[in-house]
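# Per-entry structural report
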Amino acid sequence: MRVEKRFQLSIFNFQKLMIKVLIDLLGFLRTTAPLLVSLVIFTLLFILLAKSIKKHAKIYYIAFSIPFLMHAVPTILRWCGIEVEFSFTRIPILGEIIRDYIHMGAFGHPLLIIIMYMGALNIKNPYVKRLMSIRKELSIISGFPVFTHSLVRVANNFPNSLKYFTDHTEYMANPRVTSELGAGISSFSLVLGIALLALFIPLWITSFDSIHKRMGSIKWKKLQRWSYGLYAMLFIHAMGIQVGGMISRNASSTNENKKTEIVTVAEIPQGRTEQNEKSGKKQDKRVEEISDINSVQQKQNKSDEVSALTSVRQQPAGGGKARTKGFADFQVSRETRQIISIVSLLLIYGSYLFLRVRKAVRKNKTRNNF
Ligand code: HEM
């Protein structure tokens, strides 16, 4: 009896350990390759929930519009001059969801990719068929993260990125801009966001049945062809932001190295350094408010360094039992994560292009045979 109990207990402990390892692994993969992981998770979820989404579409629309409204309403109130102290982004979990909406990577982008792939895969496949049955519903849902992202990015990033083209000298005078090429690629990609938005709105609106019917099938199909343009721009937008950021980051680390050399050789007296730091703080704050992608990049580098340092696990004092190492202990540098993002984008959009062209060629062949 005792042996059986002990055996059951060890099985229970083993299951607990396996669940912990799985959660750990998922967390690690999610921070390392967020787009690929979200893509897999959402594809599985949508396949499983296809019937429910089709049947209760309105409930899903309401649920997915909540994070958008929670961010949009206070933002619009603030634009109207009404100060709102409270922010939903500070609430745990809910704040995470709103942030995922803002950044596109965890939800909006995978959703757009799933919709995009449906047109390139074989409709006879039962899983593709299931997803295809909710393509319209997924297109409507995709609007909520896209509009949340656009609202934030048009207000915070777009004006400054435009300055790269309209007031280049002032833009380049910003001490945080480390590379003209990097800033140029980022700015172009960010400005392209407006074209993306302009193209996305009509495609999104015409996903609604009432508008689709009013337009008629021929006009609707013609408009839907523009979705290929949207996919191409999505790739350029997402890729350009990554590549531009990477170039700026590399230039910034080269400059940092140069600065360190100069400081060690010049040996500036302590008092002067402190004074410089104090006067520089005000300037830094103003520059941060500009919220351009290069300063965002630098802030991320700094916080990455800090998190890498603080996350070094402490050994318990007094010779206590050392914690076993898990996936959460692996630290992946920002550079590696950026390379993974770039490779993911190339893989996803490259295979889409291959599959879409192959489908078109096959369709043409069967048409010619008839
Ligand atoms: C002027 C408008 C826009 C600006 C300034 C802008 C800016 C940005 C920025 C800064 C990022 C980096 C990730 C982040 O922190 O959010 C990003 C990523 C992205 N944006 Fe936009 N965006 C705009 C509009 C749009 C629109 C309308 C769409 C979709 C139709 C879109 C799709 C994406 C995607 C797919 C990513 C990549 C997310 C990932 O990492 O996988 N953006 N955008």
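Keep in mind that this is a model prediction, so the values were computed, not measured. (Residues numbered from 1 in each chain as written. Predicted model: local features only at pLDDT ≥ 70, side-chain atom pairs only at ≥ 80, totals over all residues.)

## Description of the site of the ligand
Test applied: The criterion for a residue being near a molecule or strand is simple: its C-beta atom, placed using the backbone, must lie within 6 Å of it. Secondary structure elements follow DSSP: runs of H or I of four or more residues count as helices, runs of E of two or more count as strands, with numbering from the N terminus. Ten residues, namely Ala, Val, Leu, Ile, Met, Phe, Trp, Tyr, Cys and Pro, are considered nonpolar, four, namely Asp, Glu, Lys and Arg, are considered charged, and the remaining ones, Gly among them, are considered polar. Residue ranges for the domains trace back to a domain assignment, done automatically or taken from a database.
Residues in close proximity to the ligand total 24 residues, the closest being Met104, Gly105, Arg153, Gly193 and Ala238. Only helix 4 (94-103), helix 7 (135-156), helix 10 (180-205) and helix 13 (227-266) provide two or more residues apiece to the shell around the ligand. By residue number, the principal contributor to the shell around the ligand is helix 10, which donates six residues. Looking at the shell around the ligand, its residues break down into 15 nonpolar, eight polar and one charged. Residues from two domains meet in the shell around the ligand; each of domain 1 (34-156) and domain 2 (158-268 + 335-359) gives at least three.

## Examining the nonpolar core
What counts is decided by this rule: When buried Ala, Val, Leu, Ile, Met, Phe, Trp, Tyr and Cys residues are joined through C-beta atoms within 7 Å, the set is termed a nonpolar core. Counting other C-beta atoms within 10 Å of its own, a residue is labelled buried from 20 upward, exposed at 12 or fewer, and partly exposed in the gap between, with every C-beta atom placed from the backbone. Two residues qualify as being in contact provided that their C-beta atoms, derived from the backbone, are within 7 Å of each other.
Counting 24 residues, the largest nonpolar core has Leu111, Leu112, Leu138 and Ile141 as its most contacted members. For this core, the secondary-structure elements that each account for two or more residues are helix 4, helix 5 (108-118), helix 7 and helix 13. The dominant element in this core, judged by the number of residues it contributes, is helix 7, at six residues. Split by domain, this core shows at least three residues from each of two domains, domain 1 (34-156) and domain 2 (158-268 + 335-359). Other than its neighbours up to four places away in sequence, isoleucine 141 contacts Tyr60, Tyr61, Phe64 and Leu111.

## Quick look at the environment of aspartate 24
Structurally, the position occupied by aspartate 24 is in helix 1 (residues 2-32). Aspartate 24 gets classed as partly exposed once you count the C-beta atoms within 10 Å, which come to 15. Separated by 305 residues in the primary sequence, aspartate 24 and aspartate 329 have C-alpha atoms spaced 9.3 Å apart.

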